[in-house]
Amino acid sequence: MAETSFENLLGKYQILQIASKIADERKEEFFLIGGFVRDTLLKRERNEMDFLVVGDALAFATELSKTLGVDKLTVYKNFGTAHFNYSNLFLEFVGARKESYSRNSRNPKVERGTLDDDLNRRDFTINCLAISLNQSSFGKLIDKFNGVEDINQKIIRTPLDPAKTFDDDPLRIMRAFRFAAQLNFEIESSVFNATKEMAERLRIVSQERTTDEFLKILASPKPSIGLKLLFESGVMKVIFPEIANLGGVEQRKEYHHKDVFQHTCIVVDNVASTSDNLWLRFAALVHDIAKPQTKKFIEGIGWSFHGHEELGARMMKSIFTRMKLPLTKQEYIEKLIRLHLRPIALVDEQVTDSAIRRLIVSAGEDLDDLIVLCRADITSKNPAKVNRYLENYNIVMQKVQDVREKDQLRAFQSPVRGEEIMRVCNIPPSKLVGDIKTAIEDAILDGKIGNNYEEAYEYFLKVKDHFLKDHK
Ligand code: ATP
Ligand code: MG
């Protein structure tokens, strides 16, 4: 089954034929490998191809790029990789290698190796698939670790012993959760146990790499899949302890109520189902981050978390710095945390225009995002309640619109200006000028004339004598 579908696929990319001829001329084994093969089987579109050369990948990539007339080739001598872009494809070349690891770093000792060595060093069976591209075996699938079966079963397994896999390179723990979230796959139980065992090892991984994988989890279609794996494995405690602390913090007096971590997962998924904005998702993740610190039990009411929105906002500075998150996003996140309870407080009929105006000004251009977050924050299982709460936000947004319209009218002025009225009527600055202006404005507001200079001027000429006569 796999091979026929690959034949079609391979026919589609002329570049594979060209590269294949070069491989044969160079007498090097040559493969399409990793993510592209996996995603093709999953029918996921992608424009990135990874190639494996059993030999000199840099010389191979140089020769192929010349043949294709590509002049921008990027070479990483230290990593033995090269890449270039060609007709909307991102092509990456790596030489087959054998790796051995030491305990204190995720950078292995690397030597040239065979296809077999190279497959052994890869992270997951679903990523160990290779398609031979040499002429004699063009299109043949190499599946040393039953990756196709794992793709069909939607399962993440490591090719070798999982504990050793994660011990060698702990970033793979994050990658396992990331693939589980992106592809909606399960993690095989011995692999999951190894993530628990090796969670602490993530401390040797650079913050940039960990954060990068974490954000990919957040960007996936249903982020809670990854967030729960991070939490249950104990990895969250290592990489984002403030989120791990939300576990076990109950929300209401009834003991069966969702804890803050579970609630947060639903809010993130809710946002993810309506928006691809990664930072809005991040805001959802951290909106209740200060609940553990502000939690108090009030007899007869239940748990209260007074001030959690302000404290949560203030926690962002150190979190952004520590996790090397983009500082340009910090203010946005702080704002959404700080304001996430504000809109619901404005549902009341008694609410003044100025309270609404303060929300408009505080939220600024992020008001729509704030409302998406507020709506996502409704995680009740009772549909009647959900509808009522959602309706409340409609009411608030209606008020926002009303106030905006009123304010626009306040700023509105007669298109015929005071100076012109004085000049045409030959009168000095006086109340009369104001009265004429108001008459023009009223005519526009009453819909008697359009809001433009020509109609306003015509109307002005028509009514001016009436005003002047009264004042003579
Ligand atoms: P995507 O590009 O969609 O994230 P991918 O599978 O192409 O997925 P890459 O990070 O681009 O992932 O890596 C390409 C291939 O290299 C992987 O399929 C995997 O075989 C291997 N690989 C990448 N990182 C590691 C790692 N840390 N340990 C072992 N193998 C890895
Ligand atoms: Mg890739």
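Residues numbered from 1 in each chain as written. Chains lettered and ligands numbered in written order. Predicted model: local features only at pLDDT ≥ 70, side-chain atom pairs only at ≥ 80, totals over all residues. Heavy atoms only, no water.

**Let's talk about the site of ligand 1**
Residues in contact with ligand 1 amount to 15 residues; listed here are only the nearest, R38, D169, R172, R175 and R178. The separation between an oxygen atom of ligand 1 and a polar side-chain atom of E48 is 3.5 Å. A distance of 2.9 Å separates an oxygen atom of ligand 1 from a polar atom in the side chain of R122. Compared with its free state, where it exposes 580 Å², ligand 1 has 79% of that area covered by protein. Elements supplying a minimum of two residues to the shell around ligand 1: α3 (35-41), β2 (48-54) and α8 (171-183). Per-element accounting of the shell around ligand 1 gives the leading share, four residues, to α8. A breakdown of the residues in the shell around ligand 1 according to their chemical character gives one nonpolar, three polar and 11 charged. (Near = heavy atom within 4 Å. Polar contact = N/O pair within 3.5 Å; in protein donor to acceptor, adjacent residues only side chain to side chain. Areas by Shrake-Rupley, 256 points an atom, 1.4 Å probe, with all protein chains shown as cover. Helix = DSSP H or I, 4+ residues; strand = E, 2+ residues; numbered from the N terminus. Nonpolar A, V, L, I, M, F, W, Y, C, P; charged D, E, K, R; others polar.)

**Looking at the pairing of strand β6 (residues 97-100)**
Note on strand geometry: in a regular strand, side chains alternate between the two faces of the sheet. The side-chain alternation of β6 yields one buried face, formed by R97 and E99, and one unburied face, formed by K98 and S100. Bridge analysis of β6 against strand β7 (residues 109-112) gives four bridges, and the strand direction is antiparallel. If you follow K98 over to β7, its bridge partner there is E111. (Buried < 20%, exposed > 50% of the residue type's maximum accessible area, 1.4 Å probe, protein only. Pairing = 2+ DSSP bridges.)

**Quick notes on the pattern of salt bridges**
Taken as a whole and assessed by the stated rule, the structure comprises 29 salt bridges. In this structure, R44 engages D39 in a salt bridge whose closest nitrogen and oxygen atoms are separated by 3.5 Å. Of the charged contacts in the structure, one is a salt bridge between D169 and R172, with a shortest N-O distance of 3.8 Å. The same class applies to D169 and to R172, which are both buried. One connected set of salt bridges, linked through shared partners, spans R38, D39, R44, R46 and E48. (Salt bridge = Lys/Arg side-chain N within 4 Å of Asp/Glu carboxyl O.)

**A short note on the nonpolar core**
Ranked by size, the top nonpolar core spans 123 residues in total, and within it F214, F240 and F282 carry the most contacts. Examining the composition of this core, we find that nine residues originate from one element, α8, more than from any other. Those residues in contact with F282, other than ones at most four positions away along the chain, are F214, L215, L218, F240, M316, F320, L325 and I333. Formed by 19 residues, the second largest nonpolar core is a distinct cluster that contains F412, I427, V433 and A443. (Core = buried A, V, L, I, M, F, W, Y, C linked by side-chain atoms within 4.5 Å. Contact = heavy atoms within 4.5 Å.)

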